[in-house]
Amino acid sequence: MSHPRPCVVLFGDSLTQFSFDYNTKGWGLHLSSWYAARVDVLNRGFSGYTTRAAKYLVNKIIPSAKEAKVLYTTLWFGANDAAFPPNNQHVPLEEYKQNMIDVIKMIRSHQPSSPVIVITPPPVDIAKWSADCDALKRPESSKCRSQESVAKYAHAAMEAAKEADALLLDIWTLMQQDKDWSRFLSDGLHFSEEGNKFVYDALRDLVKSKIGDAEKLDLYAGQGPAWSALDLQHPENSL
C-alpha cells in the first residue's frame, strides 16, 4: 500500500520497540513529535531480536521507493548480539558485523536514495542489570552481558557503518562522556526517561546536520494547506 506522507523507519531490537513507550517518554515519541504533521515515524522494533533475524525482516518492513518515500532508516542492533554463550541470542562478532553490512545493503535495495543511520549499542550497567534480573527471578540473564563485550560490538557497528558508507550515531561513546551515564538506563540495559531524551537529542542533531530540519519539510506533506489558508466554509475549494 502506498504511503501518502514521507516516513522514517526505526528498525532494531527492544531499544527501538520501547522507543514509543509512554512511561519513559521514549525517543521515538520525541521524534514523532518533532515530525508531527510532516512525516510519519514507523516503529519496527523487535524485542529480543538480533542481526541474524534482522536479515529476514527487511523485505517485510522496508517499503519500496514506489510505495513510500523513506527519509531515512535507523538501524539499531547489537545489544542482544553481544550477549555471550550460553545465551541463545549470541551472534559471533564477525557475523554481527557482516550482518549489519548486509542489512544496510538490503535496505538500500528498497530505498536506494535513502540514508541509513547505524546506531551503536549503548553501554550496559551490569550492577543495575543484575539487580533487575534477580528481581525478575532470571539470574541467568545477568551473567551473559558485560561492558567489555558490548564495546567490541559497538566498534564493529562503527566499522560496518564506515564500510557500508552509512551514517553513524555513536551512542556508545556519546553516552559515556557523561560521568553519571548510568542514570540514562532504567534497568541497566534499556533507557530511562533521561536516556530517551539523550538519544533523541543526539539523533535529532545528527539528522539536522546531515539530512535536514523537520521544520523545513512541507506541512501535511502537501495533502492540505495550513488552516489559516483553508477555506473553512468551502474546504473543497482548498483541497
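The structure reproduced in this document is the subject of the present report.

Cut-offs and rules
Residues numbered from 1 in each chain as written. Predicted model: local features only at pLDDT ≥ 70, side-chain atom pairs only at ≥ 80, totals over all residues. Heavy atoms only, no water. Core = buried A, V, L, I, M, F, W, Y, C linked by side-chain atoms within 4.5 Å. Buried < 20%, exposed > 50% of the residue type's maximum accessible area, 1.4 Å probe, protein only. Helix = DSSP H or I, 4+ residues; strand = E, 2+ residues; numbered from the N terminus. Pairing = 2+ DSSP bridges. Axes fitted to C-alpha atoms, helices over the stretch in contact; angles between N-to-C directions. Contact = heavy atoms within 4.5 Å. Expected span 1.5 Å × (residues − 1). Arc of directions from axis to C-beta. Patch = residues over 30% accessible without salt bridge, like charges linked within 9 Å, V, L, I, M, F, W, Y side chains within 5 Å. Areas by Shrake-Rupley, 256 points an atom, 1.4 Å probe, with all protein chains shown as cover. Salt bridge = Lys/Arg side-chain N within 4 Å of Asp/Glu carboxyl O.

Let's shift gears to the nonpolar core. Membership of the largest hydrophobic core comes to 67 residues, with the highest contact counts inside it found for Phe11, Leu31, Tyr35 and Leu75. Top contributing element to this core by residue count: helix 7 (residues 147–163), with nine residues.

Here we take up the sheet that holds strand 2 (residues 40–45). Pairing is parallel across the open sheet formed by five strands, whose spatial order is 2-1-3-4-5. The open sheet has two free edges, formed respectively by strand 2 and strand 5 (167–169), since each of these has just one partner strand. Adjacent strand axes in the sheet meet at a mean angle of 20°, parallel and antiparallel pairs treated alike. Of the strand pairs in this sheet, strand 1 (residues 7–12) and strand 2 are connected by six bridges, and their pairing is parallel. Bridging across to strand 2, Cys7 finds its partner in Asp40. Of the strands in this sheet, strand 3 (70–76), strand 4 (116–119) and strand 5 touch helix 9 (residues 193–210), which is tilted by about 155° from strand 5.

Taking 1.5 Å of rise per residue, 18 residues should cover 26 Å, and helix 9 covers 26 Å from first to last C-alpha, within 8% of that figure. Taken together, the buried positions of helix 9 are Gly195, Asn196, Val199, Tyr200, Ala202, Leu203, Leu206 and Val207. Taken end-on, helix 9 shows its buried residues confined to a sector of 165°, consistent with a single buried face. Summarising the contacts, the buried residues of helix 9 are in contact with helix 2 (27–34), strand 3, strand 4, strand 5 and helix 8 (171–176).

Another aspect to go through is a nonpolar patch on the surface. A surface patch of nonpolar side chains, about 310 Å² in accessible area, is lined by Phe20, Tyr22 and Leu29. Mapped onto the secondary structure, Phe20 falls in the loop between helix 1 (14–17) and helix 2.

Moving on: helix 5 (residues 93–110). It helps to recall that an α-helix has 3.6 residues per turn; residues three or four apart then point in one direction. Under the 1.5 Å per step criterion, the end-to-end length of helix 5 is 26 Å for 18 residues, consistent within 8% with the ideal 26 Å. Within the sequence span of helix 5, burial applies to Tyr96, Lys97, Asn99, Met100, Ile101, Val103, Ile104, Ile107 and His110. In this fold, the buried residues of helix 5 make contact with strand 1, helix 3 (51–54), helix 4 (58–61), strand 3, strand 4 and helix 7.

As for its placement among the helices and strands, Val199 is situated in helix 9. Along the sequence, Val199 and Ala127 sit 72 residues apart, while their C-alpha atoms lie 22 Å from each other.

Okay, the environment of Gly26 next. With respect to the helices, strands and loops of the structure, Gly26 is situated in the loop between helix 1 and helix 2. Residues Gly26 and Leu71, spaced 45 residues apart in sequence, show a C-alpha to C-alpha distance of 20 Å. Apart from residues no more than four positions distant in its own chain, Gly26 is found in contact with Phe18, Ser19, Asp21 and Asn196.

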